[in-house]
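Letter by letter, the chains look like this.
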Amino acid sequence: MPRRQGYALLIALAAGTATLATAVAIGTTLITDERQTPLSGSQSHTAARNPAAPANSLGTWVATWTGAPVSAEPAAGQGYPGRTIRNVVHTSVGGDAARITLSNLFGSAPLVIDRAAVNTRPVTFQGRATVTVAAGRQVVSDPVVVPVAPDADLEVTLRTPYASGPVTQHPNTHQTSFLADDHGTWSTTRWRYLTAVDVRNAASPGAIVVIGDSLTAGSGSTTDANARWPDVLSDRLRHTYGIANQGIAGNRILRDSPLTVGGVKHLGGLSGTRRFERDVLSVSGAKTVIIALGINDVQQLPQEPDPRRITAGLRALTERAHAQGLRVVGATLTPFEGFSTWTPERNDVRLAVNQEIRSGRIFDAFVDFDKAVRDPYAPNRILPEYDSGDRLHFNDAGYRALGRAVDLGTVDGTPKADAF
């Protein structure tokens, strides 16, 4: 056993999203989904020309790992010319072949990669070892025949020979990766350029996509323990499903999320509304989405004082997922009394959002994260044994409680008709 430890107010935003090339169909259960022939390498590369649909396909391709692009990396304005980036990621489902998605979303110049590998197996792009990713775009590699084990660390190596402008990154990964050159190797907790790994697996029912904030990204969990709650869920599902963790620290439903860390301004990701097409609807093999967003709308500056706007935002995301045939599970918002931004008024907003989630009028099903981690004697606080120390984020035990709170039956089944 490995280590574990919106409607109307958002309609204009939703109307601008691109439609997927192929709708994802769900039968009465995920297990009976009918499969088609996988894409060829050239077809998968063609799909990548649309940045809103980087790697979505029917057939046997399923995401085993994702890391949503968050921002341009501070202090890396010229990229890493001549250096090798070794992104270490943790798989969910295994397979007998892989393909990777590389993003230059926050770049201002073309990104050249002249060497890429998955677990040392060379990766090509339209048959070539070198690929150029235009600024603001992304590409999907050709399939590479390489065994990918479930529930295991996997290394994706990228070499950038030239200065390439700002680096598209996902910081605060809770996973040790590396950056190397002729002078040495340095550890890092950032994923750079890599945003997805898909595997070929004829038996997997598909992928469960989790869109969330720091509580999904695993803030407070032990580095390299893979103790985020989606990791726990993957264990409970015996790694038969792909788990696509699209958590971004600081992420919100209604607004983009500016954060200042150590005096440096970062972006806590585009809002859930703006990134939903890219980070949920375009994930390979997506069947079910779990939405665990809203607490930062409540507590993060500028705070949203109207719970109806938050629940309308959640409902709008559900409608968009249903339009693609996805089942939607939502999570209640967890307590945060004792955190620096807590006030009784903000807590009332949280409770009102939770009441509407529990009513069944937003999602196909819900998981009660609030109930799973609150202190029964002080229900606006999290249990001390689950607290990472700041009264908002969890330690490994807290994330285990969240992962175990998910009823496995809720990730299977058909979506409701939108008649809330």
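Residues numbered from 1 in each chain as written. Predicted model: local features only at pLDDT ≥ 70, side-chain atom pairs only at ≥ 80, totals over all residues. Heavy atoms only, no water.

The protein has the name Lipolytic protein G-D-S-L family in an unreviewed UniProt entry, where Streptomyces pratensis is given as its organism.

What follows is about the overall build of the protein. Scanning the protein for helices and strands turns up 10 helices and 24 strands. Burial statistics for the protein: of 420 residues in total, 59% are counted as buried. (Helix = DSSP H or I, 4+ residues; strand = E, 2+ residues; numbered from the N terminus. Buried < 20%, exposed > 50% of the residue type's maximum accessible area, 1.4 Å probe, protein only.)

Taken in spatial order, the four strands line up as 1-15-4-9 in an open sheet, and their pairing is antiparallel. Strands at the two margins of the open sheet, each flanked by one partner only, are strand 1 (61–66) and strand 9 (138–140). The average undirected angle you get between the axes of adjacent strands in this sheet is 20°. Note that strand 4 (residues 98–103) and strand 9 share three bridges and pair antiparallel. (Pairing = 2+ DSSP bridges. Axes fitted to C-alpha atoms, helices over the stretch in contact; angles between N-to-C directions.)

With that settled, consider unusual backbone geometry. Each neighbour pair has its own omega, and for Leu301 with Pro302 the value is -10°, a cis peptide bond. Examined against the element boundaries, Pro302 turns out to sit in the loop between helix 6 (295–299) and helix 7 (307–323). With phi around 50°, Gln126 is a residue other than glycine that occupies positive phi space. In the Ramachandran plot, Asp224 falls in the positive-phi region, its phi being about 70° despite a non-glycine side chain. Mapped onto the fold, Asp224 is located in the loop between helix 3 (214–217) and helix 4 (229–236).

For the rest of this paragraph, the subject is the pairing of strand 16 (residues 207–212). For a regular strand, the rule is simple: side chains alternate between the two faces of the sheet. Within strand 16, six of the six residues are buried, leaving the element largely enclosed by the surrounding structure. Side chains Ala207, Val209 and Ile211 project from strand 16 onto one buried face, and the interleaved Ile208, Val210 and Gly212 project onto a second face that is buried too. For strand 16 and strand 17 (residues 242–247), the ladder comprises six bridges, and the chain directions are parallel. Among the inter-strand pairings, Ile208 is bridged to a residue of strand 17, identified as Ile243. Relative to strand 20 (residues 286–292), strand 16 is paired through six bridges, and the arrangement is parallel. By the bridge assignment, Ile211 is partnered in strand 20 with Ile291.

Time to look at helix 7. The terminal C-alpha atoms of helix 7, which comprises 17 residues, lie 25 Å apart, in line with the 24 Å expected from a rise of 1.5 Å per residue. The opening residue of helix 7, the one whose side-chain oxygen lies 2.9 Å from the backbone nitrogen of Arg308, is Asp306. Phi for Gly325, located one or two positions after helix 7, is positive at around 80°. (Expected span 1.5 Å × (residues − 1). Polar contact = N/O pair within 3.5 Å; in protein donor to acceptor, adjacent residues only side chain to side chain.)

On to the sheet that holds strand 14 (residues 191–192), then. Taken together, three strands build an open sheet; the order of strands is 2-11-14 and the sheet is antiparallel. Only two strands of the sheet have a single neighbouring strand rather than two, namely strand 2 (71–72) and strand 14. Bridge count between strand 11 (residues 168–170) and strand 14: two bridges; the pairing is antiparallel. Among the inter-strand pairings, Gln169 is bridged to a residue of strand 14, identified as Arg192.

Next up on the list: the packing of aromatic side chains. Per the stated rule, a full pass over the model turns up three aromatic pairs. Between Trp229 and Phe369, the aromatic rings sit 5.0 Å apart at their centres with planes inclined by 75°, giving edge-to-face as the arrangement. Taken together, the positions of Trp229 in helix 4 and Phe369 in helix 9 (residues 369–373) put the pair 140 residues apart, joining distant regions of the chain. For the pair formed by Trp229 and Phe369, the shared burial category is buried. Directly above the ring of Trp186 sits Arg83, whose terminal nitrogen or CZ lies 5.6 Å from the centroid. (Phe/Tyr/Trp six-rings, centres within 6.5 Å; stacked < 30°, edge-to-face > 60°. Lys NZ or Arg CZ within 6 Å of the ring centre and 35° of its normal.)

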